[in-house]
Amino acid sequence: MSEIEPNVIFSIENLNRDYICALDKLDMNKWLACFNKQEGTYKLISNENESNGFPIAFMLDDKYERLQDRVTQVTVIQEDSTEHYQTRHMTQLTSIVDLGNNRYQANYNFSVFYTQNLIEQTAILCVGRYEDIVLIENTASFIQRKAVIDTNVLPRYMAYPV
Amino acid sequence: MSKTPDNSAILEWPAKYNEIPKEVFERVDLWPIELEKIFYGDEWHPIVHQSEIPNIGDYKASELGEMPLFAVRGEDNQIRIFQNTCTHRGTTLVTESLGNKTEFECPYHRWLFSPQGELVGCPNSREFTPGFDKKDFSLPTFRTEEFCGLYFITMSETVAPLKEYLGEDFYEPLSRILGGDGRLKFAGYQKVHYDCNWKAYCDNDGYHAPLLHLAFKMLNWQGGQGVQNVSENGHLSFESELKIPDDITALKDASILDFKGTETSTGSIVQMQFPLTVYSKHMDMLNIRYAFPKGPKGIEVHYAYFTHEDDDDEMIEHRIRQASNLLGPCGLISMEDASIFSRIDKGNKTPGMAIFQKGVKDEYKLELKVGQNDESGNLPRWEHYRKLMGFKRAES
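This structure is a prediction, so every number in the text was calculated from the model and none was measured. By convention here, each chain's residues receive numbers from 1 onward along its written sequence. Note on labels: chains are lettered from A, ligands numbered from 1, in written order. Whole-chain, interface and lining totals are the exception, using all residues; otherwise, since this is a predicted model, local features are given only for residues with pLDDT of at least 70 and side-chain atom pairs are given and counted only at 80 or more. Note that the side-chain values use all heavy atoms of the structure and ignore hydrogens as well as water.

### A word on the interface of chain B and chain A
Okay, so step 1: Listed by partner, the interface residues are 40 residues for chain B and 36 residues for chain A.
Okay, so step 2: Think of a salt bridge as a Lys or Arg side-chain nitrogen and an Asp or Glu carboxyl oxygen that are within 4 Å of each other. One can count 4 salt bridges joining chain B with chain A.
Okay, so step 3: Lys191 of chain B serves as the salt-bridge partner of Glu48 of chain A, at 3.0 Å between the closest nitrogen and oxygen.
Okay, so step 4: Within 3.5 Å is the distance limit for a polar contact, defined as a pair of N or O atoms, with the added protein rule that one can donate a hydrogen and the other accept it, and that residues adjacent in sequence qualify only through two side-chain atoms. At the boundary of chain B with chain A, the tally comes to 20 residue pairs in polar contact (both at pLDDT 80 or more). Contacts were defined at the residue level, with two residues in contact if any of their heavy atoms lie within 4.5 Å.

Here is the structure:
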């Protein structure tokens, strides 16, 4: 990462921090605000599918309107039937590559813990890696956040993105 | 396998057909009997669709009850299903969920098997027992049948052939879920563990859909005409017309709900094959839900999705984005089912009966004719289960 300017690293880390704090507070509007309004996409896919070239994902928001609908799904459509859980995201930046045109490919490792029904025992929800494309203009935003999870078998249904 | 025991003393079944003892979901002593009478008994179980292992040497690991097994496409292009165990000392031969091998070698003593299951090599065999013959040590297989590319196995030598076992009311809609001709392409899995007994997982009904799934109401998604067919051996098949309104205001991107299919289907088919496999086709999503009980508590479900060989790129993309957002353990129209599985499991730790109401006309009579949105369609399955388990029904 030596060729990457410190302010770029700072911007990317800030964006990631906003993202994980939004999810840990279950603030879906702040989650949405992390994505670029023209090109932002989100995908949650198992490593088994990703490495075998199978396209099926757990969540596939391939345009901004889908991201907006993800917010509606979590906060309105399924709010009353979900057994809610508290998440805690731990992330570790592993690489940044300059793609040109103010775009950077950033990779993170992550683990997400969850506390069932907000008050019960804590366990691991999933571990994996983010493969991001970040645009840095005035502020940083995700063109792509792809979460590839080693946890091929989810320990429970998943109500929110990770 | 022992002879059918009289399990009357283990659990007495209520006289009313619409009452299910809640303890049936909780009692750990029932699991070994369920294994013997159901999973290793007179039932067929789907293991793999041919499109999941399209190339020679492709294999997929799976389970039947607690027994590990794997399906492999042989050098002769035939699919065979073997017990996942070396015929020497029993080591598993396959440890990954999917893969490709030209031969299957046990690492312990290097016994080597072909994809056709024959033992082709075993070091130091001159020092083996007199009369040792490699031909006697092929991998153990199962009685196997194929339908539209889907391979089923059974441990039973007496159960009826597959199509007779399923019945036409079941296998005809199933053929449409499997693309009509079985010429499918595999698109991927969503795998999840649900914290409930396997019987709670497969007890979903025709009554709940418009009530539990708020998305249906918010999307102004009207339930159309339809049927529910049930069989005496516990299979259920729902088919209903899907009326998706032109103007969906709740979503910014309503294209996720498009029905582009040209099939003759009315839009929605959901089938539950005893004991616990679900097949579905909602709009353009072709889905098999392989399910694996993890003992008396917990079940792992592998949602497998498919496209059709004749699909153009646009249709493939549509099926992928629909399946990746609407179904499975995160899906817009299905996540609530998963929530119910774990809540019903917690609630069933209370005493008494789970009671079915909708569609029950006579509590003391089993009815095979049921309406589209009745929950009474589950009762023939419970009666089939009771009989297999040898539980005596109380006098009315």
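That covers the picture; the talk isn't over yet.
### Comments concerning the domain arrangement of chain B
Residue and element names in this part refer to chain B.
Okay, so step 1: Domain borders in the structure are assigned automatically or taken from a domain database. In terms of domain boundaries, chain B breaks down into domain 1 (19-39 + 184-389) and domain 2 (45-147).
Okay, so step 2: Between the C-alpha centres of domain 1 and domain 2 the distance comes to 33 Å.
Okay, so step 3: Contacts between the two partners involve 18 residues from domain 1 and, on the opposite side, 16 residues from domain 2.
Okay, so step 4: Summing both sides of the interface, domain 1 and domain 2 together bury roughly 1,300 Å²; the carbon and sulfur share of this comes to 55%.
Okay, so step 5: Two residues, Lys294 and Glu63, come together in a salt bridge whose shortest N-O distance is 3.2 Å.
Okay, so step 6: Summed over the shared surface of domain 1 and domain 2, the number is 6 residue pairs in polar contact (both at pLDDT 80 or more).
Okay, so step 7: The residue classification treats Ala, Val, Leu, Ile, Met, Phe, Trp, Tyr, Cys and Pro as nonpolar and Asp, Glu, Lys and Arg as charged. All others, Gly included, are polar. Per-class residue counts for the side of domain 1 that touches domain 2 are 13 nonpolar, 2 polar and 3 charged. Two parts placed together each lose some accessible area under a 1.4 Å probe, and the buried area is that loss summed for both.

### Thoughts on helix α7 (residues 313-326) of chain B
Okay, so step 1: Each helix is a run of DSSP H or I of at least 4 residues and each strand a run of E of at least 2, with the numbering of both proceeding from the N terminus. In a helix, the anticipated span is given by 1.5 Å times the number of residues less one. Between its first and last C-alpha atoms α7 of chain B spans 20 Å; for 14 residues at 1.5 Å apiece the expected length is 20 Å, and the two agree.
Okay, so step 2: Summary of the burial criterion: residues with accessible area below 20% of their type's maximum are buried, those above 50% are exposed, and those between are partly exposed, where the area comes from a 1.4 Å probe applied to protein chains only. For α7 of chain B, the tally of buried residues reaches 10 of 14 residues, placing the bulk of the element in the interior.
Okay, so step 3: Along α7 of chain B, the residues classified as buried are Met315, His318, Arg319, Ile320, Arg321, Gln322, Ala323, Ser324, Asn325 and Leu326 of chain B.
Okay, so step 4: Those residues of α7 of chain B that are buried lie in contact with β2 (59-61) and α4 (64-77) of chain A together with β12 (184-194), β16 (277-282), β17 (285-293) and β18 (299-308) of chain B.
Okay, so step 5: After α7 of chain B finishes, the residue Gly328 of chain B shows a positive phi value of roughly 85°.

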